[in-house]
Amino acid sequence: MHLKKRAIVTLIAVLSCLACATTPAQPRPPENTRKSIYYTSRGMALFNKGCHRRALEYFQSAHQRYAAADDLVKVAETLIGIGDIYYRLGDTQSALHVYDDALEIYQGLADPQGMARALSDKAAALIALDRLDDAAGALAQADGQPGAPLPALRWKTRSLLLIRQGKTAEARALLEKALETAAPAEEATQSGIYFALGHLALSEKQPAAAREHFAAALQIDRTMGAYHDIARDLEAMGNCHEALDDPRAAVHDFKRSAKIFALLQEKQRAEQVLAKLEANAAKSQTDIQATVHWVRQWLTDPAGADLCH
């Protein structure tokens, strides 16, 4: 009986394995779709690091493939990515054209979240161009989308408008409200809120409070591996220590910032931070020769020190 029972158990196991083996495999996505997904994910990874020019190449390749497949949702998403890169590269007018292209698609798709995202990004670009009335109009449209999507992003952008309008108290209250509302997955928005709070405090001659906000942004950006934003945060913290008349602490921050900007091949930013570093090193009598050596070497030999390969 024991042998018979064991044989039955074995038979059941074999049949179970056969059933697993005959389960239909999931169909593999078409080659064009796989390539589009690869270019998008690669572009996002580079964008998050701060490698904006390299990211643009991948987003443009993804956009071409999604356009060829007439995948409007993905076309709009890649357009937002391209617009954000133009904005960060300082080509704000091109960013506006791309955001408008994405808006037209989202409007046709009746996608309120996509509309809110595109309108908020467009408003940020308009603020950068000092077109404040147009920015207010774009934000009013974003606020009016059904379901009021992406509140943290919308409020963060509106706070930037309030700062430009000189309404700093309202801006701070809205930034704090946005921070409370931001979802855990909105790390980039959270970092941006802390950074805006830091600049607001620094503009009001509160460098100690500003430093705490920049340090909070730095912690998030480290977790995300956002190299450019890490360098930006460190530079801002160095500015706070300068304002606090603590040149030795400023040197510590500027050294780290200059290295990262050099590794990213952002030559102008690296040189700007290096100038601050040298000035504070002279005040504190700090030896920075090793740091200057690395920064100069990395800027001179980009092939050996480019995080964006």
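Within every chain, residues take consecutive numbers counted from 1 along the sequence as written. pLDDT decides what is reported in this predicted model: residues at 70 or higher carry local features, side-chain atom pairs at 80 or more are listed and counted, and totals for whole chains, interfaces and linings draw on all residues regardless. As a rule here, side-chain values come from all non-hydrogen atoms in the structure, and water together with hydrogens is ignored.

Student: Even after reading the chapter, I still don't get the overall build of the chain, so can you show me in this structure?
Tutor: A tally of helices and strands in the chain yields 15 helices and 0 strands. To sort residues, take the accessible area from a 1.4 Å probe on protein chains only and compare it with the maximum for the residue type: under 20% means buried, over 50% means exposed, and anything in between is partly exposed. Scored against the burial criterion, the 309 residues of the chain give a buried share of 43%. In this analysis, two residues are considered to be in contact whenever any of their non-hydrogen atoms come within 4.5 Å of each other. When contacts within the chain are restricted to residue pairs at least 6 apart in sequence, long-range pairs at least 24 apart make up 55% of them. On the chain, roughly 16,400 Å² of surface is accessible, and the fraction owed to carbon and sulfur atoms is 54%. For helices the rule is a DSSP run of H or I covering at least 4 residues; for strands it is a run of E covering at least 2, with both sets numbered from the N terminus onward. Surface exposure here means Shrake-Rupley accessible area, sampled with a 1.4 Å probe, where a residue is shielded only by the protein chains that are shown.

Student: Honestly, the packing of helix H12 (residues 227-243) against helix H14 (residues 267-284) in this entry has me stumped. Any pointers?
Tutor: Contact pair H12 / H14: the axes reach a minimum separation of 12 Å and the direction vectors enclose 30 degrees. Compared by their axis directions, H12 and H14 come out roughly parallel. The handedness of the crossing between H12 and H14 comes out as left-handed. Contacts between H12 and H14 involve His228, Arg232, Glu235, Asn239 and Glu242 on the former and, on the latter, Arg269, Val273, Lys276 and Asn280. Of the residues in the contact of H12 with H14, the class split is 1 nonpolar, 3 polar and 5 charged. Axis angles are defined between N-to-C directions and span 0 to 180 degrees, where every axis is a line fitted to C-alpha atoms and, for a helix, only to the segment in contact. In what follows, roughly perpendicular refers to angles from 65 to 115 degrees, roughly parallel to angles under 35, roughly antiparallel to angles over 145, and oblique to any angle outside these ranges. Left-handed describes a crossing whose near helix is turned anticlockwise from the far helix by less than a right angle; the clockwise case is right-handed. In this count, Pro and Cys sit with the nonpolar residues alongside Ala, Val, Leu, Ile, Met, Phe, Trp and Tyr, while Asp, Glu, Lys and Arg are called charged and the others, Gly among them, polar.

Student: Mind showing me how you'd approach the side chain of Glu235 here?
Tutor: Checked against the element boundaries, Glu235 lands in helix H12. Accessibility expressed as a relative area gives 9% for Glu235, which makes it buried. Among residues more than four places away in sequence, those in contact with Glu235 are Phe254, Ser257, Phe261, Arg269, Val273 and Lys276.

Student: How do you make sense of the environment of Gln60 when you look at a structure like this?
Tutor: With respect to the helices and strands, Gln60 occurs in helix H3 (residues 52-69). Those residues in contact with Gln60, other than ones at most four positions away along the chain, are Ile82 and Tyr86.

Student: It is not clear to me how the packing of aromatic side chains should be interpreted in this structure. Could you clarify?
Tutor: The relative placement of two aromatic rings is captured by the distance of their centres and the angle of their planes. Put simply, two rings from Phe, Tyr or Trp (the six-membered ring, in Trp's case) pair if the centres are within 6.5 Å, and we call them stacked under 30 degrees between planes, edge-to-face over 60, tilted for the rest. Applying the stated criterion to the full structure yields 5 aromatic pairs. Ring centres of Phe195 and Phe214 lie 5.1 Å apart, and the angle between their planes is 55 degrees; this geometry places the pair in the tilted category. In this pair, Phe195 sits in helix H10 (residues 187-203) while Phe214 sits in helix H11 (residues 207-224), placing the two residues 19 residues apart along the sequence. Among the aromatic side chains, those forming a connected cluster through ring pairs are Tyr38, Tyr39 and Tyr58.

Student: Whenever I open this one, the state of the cysteines confuses me. Can you help?
Tutor: By definition, a disulfide links two cysteine residues through a covalent bond between their sulfur atoms. Cysteine sulfurs are considered disulfide-paired once they come within 2.5 Å of each other. Scanning the model with the defined rule gives 1 disulfide in all. Across the disulfide from Cys51 sits Cys308; the S-S distance is 2.0 Å. Disulfide Cys51-Cys308: the torsion about the S-S bond is -80 degrees, which places it as left-handed. Taken together, the positions of Cys51 in the loop between helix H2 (31-49) and H3 and Cys308 in the segment after helix H15 (289-300) put the pair 257 residues apart, joining distant regions of the chain. The pair Cys51 / Cys308 is uniform in exposure class, with both members buried.

Student: I'm lost on the nonpolar core in this one. Help?
Tutor: A general tendency of soluble globular proteins is for nonpolar side chains to be buried together. If you look at the biggest cluster of nonpolar residues, it comprises 68 residues, and the most contacted ones within it are Tyr106 and Phe214. Of the residues forming this core, the biggest block, 8 residues, is contributed by helix H5 (residues 92-109). Ignoring anything within four residues of it in the chain, the contact list for Phe214 reads Phe195, Gly198, His199, Leu202, Asp233, Ala236, Met237 and Cys240. Listed in part, the 10 residues of the second largest apolar core include Ala171, Leu175, Ala178 and Leu197. Residue types Ala, Val, Leu, Ile, Met, Phe, Trp, Tyr and Cys, when buried and joined through side-chain atoms within 4.5 Å, form a set referred to as a nonpolar core.

Student: So what exactly am I meant to see when it comes to helix H6 (residues 112-128) here?
Tutor: An α-helical turn contains 3.6 residues, so a residue and the one three or four places further along point in the same direction. Each helix should span, by expectation, one fewer than its residue count multiplied by 1.5 Å. Spanning 17 residues, H6 covers 24 Å between terminal C-alpha atoms, matching the ideal 24 Å at 1.5 Å per step. A distance of 3.1 Å separates the backbone nitrogen of Gln113 from a side-chain oxygen at the start of H6, and that oxygen is part of Asp111. Positive phi shows up at Asp130, right after H6, with a value of about 65 degrees. Each polar contact in these results corresponds to two N or O atoms within 3.5 Å; when the atoms are within protein, one needs to be able to donate a hydrogen and the other to accept it, and residues that are neighboring in sequence are counted only if both atoms are side-chain atoms.

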